[in-house]
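Fold and contact review
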Amino acid sequence: MNRRRFLAGAGLAGASILAGCGSVENQSTRSPPLVEDRPDATYYPTHREGMEMIGVGDAGDYKVGLTYSYPHRFWTVTGTDTEQVTIRDADSLHLMASVWDPETGTILPIESGVSISIDADGETVADKQPWPMVSQNMGFHYGDNYGLDGEGVYEITLRVDGMTERRLGGFDDRFDGAGEWTTNFEFSRSARDNISFTEYPDKQGSRAALDRMDMEMIPTSQVPAPEDLPGELLGTAKGSDEVYAATWLTDAAFLDSGQSYLAVSVRTPYNRAPLPMMSLDGRVEIDGETAYDDSLSAAVHPDIGYHYGAVVETTGDPAVTVETIGPSQTSRHEGYETAFLGTPTLSF
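Notes on the structure in this doc start here. (Residues numbered from 1 in each chain as written. Predicted model: local features only at pLDDT ≥ 70, side-chain atom pairs only at ≥ 80, totals over all residues. Heavy atoms only, no water.)

Quick look at the overall build of the protein
Definition in use: A run of DSSP states H or I qualifies as a helix once it reaches four residues; a run of E qualifies as a strand once it reaches two. Both are numbered from the N-terminal end. The quantity called the radius of gyration is restricted to C-alpha atoms. Its globule counterpart is 2.2 Å times the number of residues to the power 0.38. The classification of residues rests on relative accessible area computed with a 1.4 Å probe and restricted to protein chains. Under 20% of the type maximum is buried, over 50% is exposed, and intermediate values are partly exposed. Note on areas: Shrake-Rupley, 1.4 Å probe, and residue coverage restricted to the protein chains presented here.
The secondary structure content of the protein amounts to one helix and 23 strands. Here the C-alpha radius of gyration of the protein, 21 Å, is about what a compact globule of 348 residues would show, namely 20 Å. Here the C-alpha coordinates of the protein stretch approximately 70 × 45 × 35 Å along the principal axes. Looking at the protein residue by residue over its 348 residues, the buried ones come to 56%. Accessible surface, the protein: about 14300 Å² in total, of which carbon and sulfur atoms supply 40%.

Regarding the environment of serine 31
What counts is decided by this rule: Contact between two residues is taken to exist if any of their heavy atoms lie within 4.5 Å; hydrogens are not considered.
Looking at the element boundaries, serine 31 is found in the segment before strand S1 (47–49). The exposure class of serine 31 is buried, given its relative accessible area of 17%. Between the C-alpha atom of serine 31 and that of arginine 189, which follows or precedes it by 158 residues, the distance is 17 Å. Excluding residues within four positions of it along the chain, serine 31 makes contact with Arg73, Ile87 and Phe197.

Notes on the environment of arginine 212
Let me state the cut-off plainly: Between N or O atoms, a polar contact is any pair within 3.5 Å; within protein, one atom must be a potential hydrogen donor and the other a potential acceptor, and residues adjacent in sequence are included only when both atoms are from side chains.
You can see arginine 212 is positioned in the loop between strand S14 (197–199) and strand S15 (232–238). For arginine 212, the side chain forms a polar contact with the side chain of aspartate 214, separated by 3.5 Å. Of the polar contacts made by the side chain of arginine 212, one reaches the side chain of threonine 220; its length is 3.5 Å.

Some thoughts on the sheet that holds strand S8 (residues 123–128)
Stated precisely, the cut-off is as follows: When DSSP finds two or more bridges between a pair of strands, those strands are recorded as paired. In this analysis, axes come from line fits to C-alpha atoms, helices being fitted only over the stretch in contact, and the angle between any two N-to-C directions falls in the range 0 to 180 degrees.
With antiparallel pairing, four strands are arranged side by side in an open sheet as S8-S7-S11-S13. Across the chains shown, the open sheet's two edge strands, defined by having one partner strand only, are S8 and strand S13 (179–187). Taking each pair of neighbouring strands and ignoring which way they run, the sheet shows an average axis angle of 20°. Pairing of strand S11 (residues 152–160) with S13 involves nine bridges; the strand directions are antiparallel. Looking at the pairing, arginine 159 lines up with glutamate 180 of S13.

Some remarks on the nonpolar core
Our working rule: Buried Ala, Val, Leu, Ile, Met, Phe, Trp, Tyr and Cys residues that are joined via side-chain atoms within 4.5 Å together make up what is termed a nonpolar core.
Judged by nonpolar contacts, the single largest core of 73 residues is most densely connected at Tyr62, Ile116, Ile118, Tyr244, Val264, Leu280 and Leu296. If one sorts the elements of this core by residue count, strand S6 (residues 93–100) sits on top with six residues. If we ignore the near neighbours within four places in the chain, the residues touching isoleucine 116 are Leu66, Leu95, Ala97, Ala126, Asp127, Lys128, Pro130, Tyr146, Ile156, Thr157 and Leu158. Within the second largest apolar cluster, 10 residues are counted, among which are Leu229, Leu249, Leu255 and Ala263.

Thoughts on the packing of aromatic side chains
Working definition: an aromatic ring pair is given by the centre-to-centre distance plus the angle between the planes. As a reminder of what qualifies: Paired rings are identified among Phe, Tyr and Trp, the last through its six-membered ring, by centres lying within 6.5 Å, and are further divided according to the angle between planes into stacked (under 30 degrees), edge-to-face (over 60) and tilted (the rest). Note on criteria: charge over ring means Lys NZ or Arg CZ within 6 Å of the ring centre, with the direction from the centre no more than 35 degrees off the ring normal.
Tallied over the entire structure, the rule returns 10 aromatic pairs. Ring geometry for phenylalanine 140 versus tyrosine 142: centroids 5.2 Å apart, planes at 80°, classification edge-to-face. The exposure class of phenylalanine 140 is buried, given its relative accessible area of 2%. Owing to a relative accessible area of 1%, tyrosine 142 belongs among the buried residues under this scheme. Members of the aromatic cluster, connected to one another through ring pairs, are Tyr62, Phe171 and Phe175. Taking NZ or CZ as reference, lysine 128 lies 4.6 Å from the ring centre of tyrosine 146, over its face.

Brief notes about a negative patch on the surface
Keep this limit in mind: Residues with no salt bridge and a relative accessible area higher than 30% make up the patches, which join like charges within 9 Å and nonpolar side chains (Val, Leu, Ile, Met, Phe, Trp, Tyr) within 5 Å. When a carboxyl oxygen of Asp or Glu is within 4 Å of a side-chain nitrogen of Lys or Arg, the pair counts as a salt bridge. His is not counted, nor are the chain ends, whereas Lys and Arg count as positive and Asp and Glu as negative. Charge positions are represented by NZ for Lys, CZ for Arg, CG for Asp and CD for Glu.
Taken together, the side chains of Glu232, Asp287, Glu289 and Asp317 define an acidic patch exposed on the protein surface. Tracing the chain through its elements places aspartate 317 in the loop between strand S20 (305–312) and strand S21 (318–326).

Quick notes on the side chain of glutamate 49
With respect to the secondary-structure elements, glutamate 49 resides in strand S1. Engagement of the side chain of glutamate 49 in a polar contact is seen with the side chain of histidine 47, the distance being 3.5 Å. At a separation of 2.6 Å, a polar atom in the side chain of glutamate 49 contacts the side chain of histidine 72. In this structure, glutamate 49 is in contact with Ser69, Tyr70, Pro71, His72, Asn137, Ser196, Phe197 and Met213, ignoring residues within four places of it in sequence.

Remarks on the environment of tyrosine 154
Relative to the helices and strands, tyrosine 154 resides in strand S11. Judged by its relative accessible area of 2%, tyrosine 154 is buried. On a C-alpha basis, the gap between tyrosine 154 and leucine 210 in space is 32 Å, while along the polypeptide they are 56 residues apart. In this view, tyrosine 154 contacts Ile118, Asp119, Ala120, Val125, Leu148, Asp149, Thr183, Asn184, Phe185 and Phe187; residues no more than four positions away in its chain are not counted. Separated by 2.6 Å, the side chain of tyrosine 154 and the backbone oxygen of glycine 150 make a polar contact.

Concerning the pattern of salt bridges
Where side chains of opposite charge bring their charged atoms close, a pairing between them can arise. Under the counting rule described, the total for this entry stands at 15 salt bridges. Salt-bridge contacts for aspartate 193 lead to arginine 192; the nearest nitrogen and oxygen are separated by 3.0 Å. Between arginine 207 and aspartate 241 there is a salt bridge, with its nearest N and O atoms 3.5 Å apart. Pair noted here: arginine 207 is in the loop between S14 and S15 and aspartate 241 is in the loop between S15 and strand S16 (243–249), with a separation of 34 residues, a long-range link.

Overview of unusual backbone geometry
Of note in the backbone geometry, aspartate 121 takes a positive phi value of approximately 55° without being a glycine. A residue is classified by how much of its surface remains accessible, and aspartate 121, at 80% relative accessible area, is exposed. At aspartate 287, a position not held by glycine, the phi torsion is positive, near 55°. Here aspartate 287 is to be found in the loop between strand S18 (279–286) and strand S19 (289–301).

No statement about biological role is implied by the geometric values presented.
The following block contains the structure:
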């Protein structure tokens, strides 16, 4: 197996640039105490926060959407370690950005990230990159807590950088460039405080997950079920609670004669949300001979979604080994912060 030094978290999110005073009172007192003895796996969180739509628009080749909720705690990931981000007095709301392909509705995790700037009366109130993150009810998105200068109308600009991930199939000549979308948002404390907030004292800590939230204007952040992946399904395996599904393609349009493609789709249990920003190595043996032994590249395909893959310069019946060099560096909402942190080696 080709071992590489794993540089965790590099370039995934920028530093905060916050200005202003007189922030709106936040809802930190509404966050219940964390579950004691949380499992090292997906678990039912203490509560569920609803969200409200800010808007949907076009940013170059991308479709984007913005929603908001109460400020809330989450966890960042560096290597295999997590660190809780607590709610600050200056935080007014939690902004969430989604990016997808307008033609297929495929959610697009973009390693180069997105940035959000917020202006009021010509002055910049906030300008930073939200964290790539995953939650049980929303799946993959970008989010962070933001401080505002009180109630009123704000101008929010969402910028999406070009994708560095490999794009295959109908995505092969798209998403190279950046895009930008600007919208107005009227913030009021009463509207924020009317967002639903439900606690689960009887379920919290159990080995389960919240149901996905169906949003009319934003597509579901979900990869296909293993049996619906194209190619020959080699099998599924569970790592540190995440599920790996490996498939072997030999007749895809992006392949040349004599080539095959190994695709490894890594997803959360229960809701099948993609887990981006992992570091994986793959080894393929055919008839006892090593046909591939190197890293698996992050990629997107309309029928596979976000995955890790490699072109193999041969065909045949493969024996595949996948080694996790580094777990997903996405930040986590409550219920995921103790899961998906291992580095398993799996065989298919």
